[in-house]
Amino acid sequence: MTSEDIIQKTILFVKDTLAEAEGGHDWFHIERVYKNSLLIAKSEPVDILVVSLGALLHDIADSKFHNGDETIGPKIAREFLLKWHVDSTVIQHVVNIIENISFKSSLATNSAENFKSQELNVVQDADRLDAIGAIGIARCFNYGGFKDRALYNPDIKPNLNMTKAEYKASTAPTINHFYEKLLLLKDKMNTKTGKQLANERHIYMLNFLDQFYGEWEGKK
């Protein structure tokens, strides 16, 4: 089976698996991350098959929707790839990407010991790009509504020093998430292309927040 065959089977599998997923973590999110991964990879010395499979499978079972269980996604991905006899080194690399791609992984006390590779850097940048800018704002409020969170509460300040456990358990208003994650991502990008794309999206979010607060205070 060729690499292209494996990628096409993976696309069909992900589309089917995420058919009923929450709007910010559905197939269209995966598709955007996949396309951005391929764009970023053009300028990086990476294994395109690993990048493609990592992007397509990175949210196959997001822990947010599985009671915080971070083992389900890697398990599903491994079983799927084994079924199609993908090379064991590729499978392990893809699983490592899934296990280490998330923002919350960087909050862990032992985050410096996390797995690292240029393929992970590419997929992580693509995933983070989808969390910022216009689409990032839309996804943020979509998830906040999904979790029945307040839009904004001036009395609840952002927690800028959260542990991984605190981040996973947070029920803070949606606007707080901009300060606790989204506005931090620009400076966490790994690749040159990722950094360039993130800068424009970061400015868009700052302009949105300025408009939001102006409207909130009745000044705009």
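Preceding this section is the structure that the text describes.
Residues numbered from 1 in each chain as written. Predicted model: local features only at pLDDT ≥ 70, side-chain atom pairs only at ≥ 80, totals over all residues. Heavy atoms only, no water.

Visitor: Go over the side chain of Lys 181, please, and point to the residues and values.
Guide: By secondary structure assignment, the location of Lys 181 is in the loop between helix H9 (174-180) and helix H10 (192-216). No salt bridge is formed by the buried Lys 181, whose closest oppositely charged neighbour, Asp 127, lies at an N-O distance of 6.2 Å. When residues no more than four places from it in sequence are discounted, the contact partners of Lys 181 are Phe 103 and Tyr 167. (Helix = DSSP H or I, 4+ residues; strand = E, 2+ residues; numbered from the N terminus. Buried < 20%, exposed > 50% of the residue type's maximum accessible area, 1.4 Å probe, protein only. Lys, Arg positive; Asp, Glu negative; His and termini not counted. Salt bridge = Lys/Arg side-chain N within 4 Å of Asp/Glu carboxyl O. Contact = heavy atoms within 4.5 Å.)

Visitor: Please provide a residue-by-residue account of helix H2 (residues 27-41), values included.
Guide: Since the α-helix turns once every 3.6 residues, residues separated by three or four places project in the same direction. Over its 15 residues, H2 runs 21 Å from end to end, which matches the ideal 21 Å to within 8%, given 1.5 Å per residue. Of all the residues in H2, the buried ones are Trp 27, His 29, Ile 30, Val 33, Tyr 34, Asn 36, Ser 37, Ile 40 and Ala 41. The inward-facing, buried residues of H2 contact helix H1 (3-17), helix H3 (48-57), helix H6 (118-129), helix H7 (133-146) and H10. (Expected span 1.5 Å × (residues − 1).)

Visitor: Mind laying out the nonpolar core, listing which residues take part and the relevant values?
Guide: If you look at the biggest cluster of nonpolar residues, it comprises 55 residues, and the most contacted ones within it are Leu 57, Leu 81 and Phe 178. No other element matches H3, which puts 7 residues into this core. The contact partners of Phe 178, leaving out residues within four places of it in the chain, are Ile 137, Cys 140, Phe 141, Leu 183, Met 205, Phe 208 and Leu 209. (Core = buried A, V, L, I, M, F, W, Y, C linked by side-chain atoms within 4.5 Å.)

Visitor: An account of the packing of aromatic side chains is requested, with residue identities and associated values reported.
Guide: According to the stated counting rule, one finds 12 aromatic pairs in the structure shown. The interplanar angle of 50° and the centroid separation of 6.1 Å between the aromatic rings of Phe 141 and Phe 178 together place this pair among those described as tilted. You can see Phe 141 sitting in helix H7 and its partner Phe 178 sitting in helix H9, a full 37 residues away along the chain. Classification of Phe 141 by relative accessible area gives partly exposed; the value is 21%. Ring geometry for Tyr 152 and Tyr 213: centres 5.5 Å apart, planes at 65°, overall edge-to-face. Residue Tyr 152 is located in the loop between H7 and helix H8 (164-169), and its partner Tyr 213 is located in helix H10; the two are separated by 61 residues in the primary sequence. For Tyr 152, a relative accessible area of 19% gives the class buried. Tyr 213 sits in the partly exposed class, given a relative accessible area of 26%. (Phe/Tyr/Trp six-rings, centres within 6.5 Å; stacked < 30°, edge-to-face > 60°.)

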